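Notes for the structure review
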Amino acid sequence: MKIGVLVSGGGTNLQAIIDAIESGELENCSIATVVSSKPGVYALERALIHGIPAAVISRKDFVNLEEFDAAICGHMERANVDLIVMAGFLSIVGDKLLSKFAGRIINIHPSLLPKFGGKGFYGLKVHEEVIRSGEKTTGATVHFVNEGVDEGKIILQKEIEVRSDDTPQSLQQRVMEECEWEILVEAIKRIGK
């Protein structure tokens, strides 16, 4: 199965996929391309280190969402990907990509959806709100991507306890290490069967 990974930052979820492929945990999988919405992010360096083709397709380089979406869609088609993984991708995708890759785009979100999902909930903002709300548990969700923000069918979730001494940063780190990296790889494994 050929995977296209969409990123916007450091690429820790990308690294989890790379590690699972290199260790043999993800059998018959390869990353065909990594696309970043921003230049200069460490995720691009990770791709380079592992010999994975990478590109920058930035929303600000296009007149509108339709052109941006068409550029991503065309890139993924040329890379002949079977599955698109949004791994910390901070741009909204459009109708063309959703239509062409229907049922073949997944996203990792750092909360137990439907809680703390939707427009404006990304990165540290999610963890700040979890703590502010007094939640006892949080976690991560892998879901299919549809036209709604964080509204697609849930594939997997993993829950952890929110500790009394958690900061948004410590909670973000624990959610990544204990939830995101594990369930993202597991979801890809299930889809690839």
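Look up: the structure comes first, before these words.
First, a word on what this report is: a plain description of the structure on this page. Not measured: the values here are computed from a predicted model.

Cut-offs used in this document
- Residues numbered from 1 in each chain as written.
- Predicted model: local features only at pLDDT ≥ 70, side-chain atom pairs only at ≥ 80, totals over all residues.
- Heavy atoms only, no water.
- Helix = DSSP H or I, 4+ residues; strand = E, 2+ residues; numbered from the N terminus.
- Buried < 20%, exposed > 50% of the residue type's maximum accessible area, 1.4 Å probe, protein only.
- Contact = heavy atoms within 4.5 Å.
- Areas by Shrake-Rupley, 256 points an atom, 1.4 Å probe, with all protein chains shown as cover.
- Lys, Arg positive; Asp, Glu negative; His and termini not counted.
- Charge placed at Lys NZ, Arg CZ, Asp CG, Glu CD.
- Expected span 1.5 Å × (residues − 1).
- Polar contact = N/O pair within 3.5 Å; in protein donor to acceptor, adjacent residues only side chain to side chain.
- Arc of directions from axis to C-beta.
- Pairing = 2+ DSSP bridges.
- Salt bridge = Lys/Arg side-chain N within 4 Å of Asp/Glu carboxyl O.
- Axes fitted to C-alpha atoms, helices over the stretch in contact; angles between N-to-C directions.
- Parallel < 35°, antiparallel > 145°, perpendicular 65-115°, else oblique.
- Left-handed = near helix turned anticlockwise from the far one by under 90°.
- Nonpolar A, V, L, I, M, F, W, Y, C, P; charged D, E, K, R; others polar.

Attention now moves to the overall build of the protein chain. Along the backbone of the protein chain there are 6 helices and 7 strands. With respect to the principal axes defined by its C-alpha atoms, the protein chain has extents near 50 × 40 × 30 Å. Counting the 193 residues in the protein chain, one finds 49% classified as buried. The long-range share in the protein chain, meaning contacts at least 24 apart out of those at least 6 apart in sequence, stands at 65%. Total accessible area on the protein chain is roughly 9,400 Å²; 50% of this is exposed by carbon and sulfur atoms. Averaged over its 21 positive side-chain charges, the protein chain has a centre that lies 2 Å from the centre of its 27 negative ones.

Turning to helix α3 (residues 65–78), a few remarks are in order. For α3, with 14 residues, the first-to-last C-alpha span of 20 Å sits near the 20 Å given by 1.5 Å per residue. The inward-facing, buried residues of α3 contact β1 (2–7), β2 (30–36), β3 (54–56), β4 (83–86) and α4 (95–100). Capping of α3 at its N-terminal end is provided by Asn64; its side-chain oxygen lies 3.2 Å from the backbone amide nitrogen of Glu66. Where α3 terminates, the next one or two residues include Asn80, which has phi positive at roughly 55°.

On to helix α5 (residues 124–132), then. Buried residues of α5: Val126, His127, Glu129 and Val130, and no others. End-on, the buried residues of α5 take up no more than an arc of 160°, which puts them together on one face. Against β5 (105–109), β6 (137–144) and α6 (168–192) lie the buried residues of α5. Gly134 sits one or two positions beyond α5 and adopts a positive phi of about 75°.

On to the pairing of β4, then. The side-chain alternation of β4 yields two buried faces, one formed by Leu83 and Val85 and the other by Ile84 and Met86. Summarising the sheet, β1 and β4 pair through 4 bridges and their orientation is parallel. The residue of β4 that forms the bridge with Ile3 is Leu83. Sheet topology places β4 next to β5; 3 bridges connect them, and they run parallel. The partner of Val85 across the bridge, within β5, is Ile106.

So, on to the pattern of salt bridges. Scanning the model with the defined rule gives 9 salt bridges in all. Between Glu135 and Lys115 there is a salt bridge; the shortest N-O distance is 2.9 Å. Separated by 20 residues along the polypeptide, Glu135 in the loop between α5 and β6 and Lys115 in the loop between β5 and α5 bring together distant segments of the chain. Here Lys115 falls in the partly exposed class, since its relative accessible area comes to 44%. Of the charged contacts, one joins Glu129 and Arg132 as a salt bridge, the two residues approaching to 2.5 Å between their closest N and O atoms. Taken together, the positions of Glu129 and Arg132, both in helix α5 and 3 residues apart, correspond to about one turn of that helix.

It is the contact of α5 with α6, at a shortest axis distance of 9 Å, that shows an interaxial angle of 110°. Considered as vectors, α5 and α6 are oriented roughly perpendicular to each other. α5 and α6 meet at a crossing whose hand is right-handed. The segment α5 lies against α6, with Leu124, His127, Glu128, Val130 and Ile131 engaging Pro168, Gln169, Leu171, Gln172 and Val175. Of the residues in the contact of α5 with α6, the class split is 6 nonpolar, 3 polar and 1 charged.

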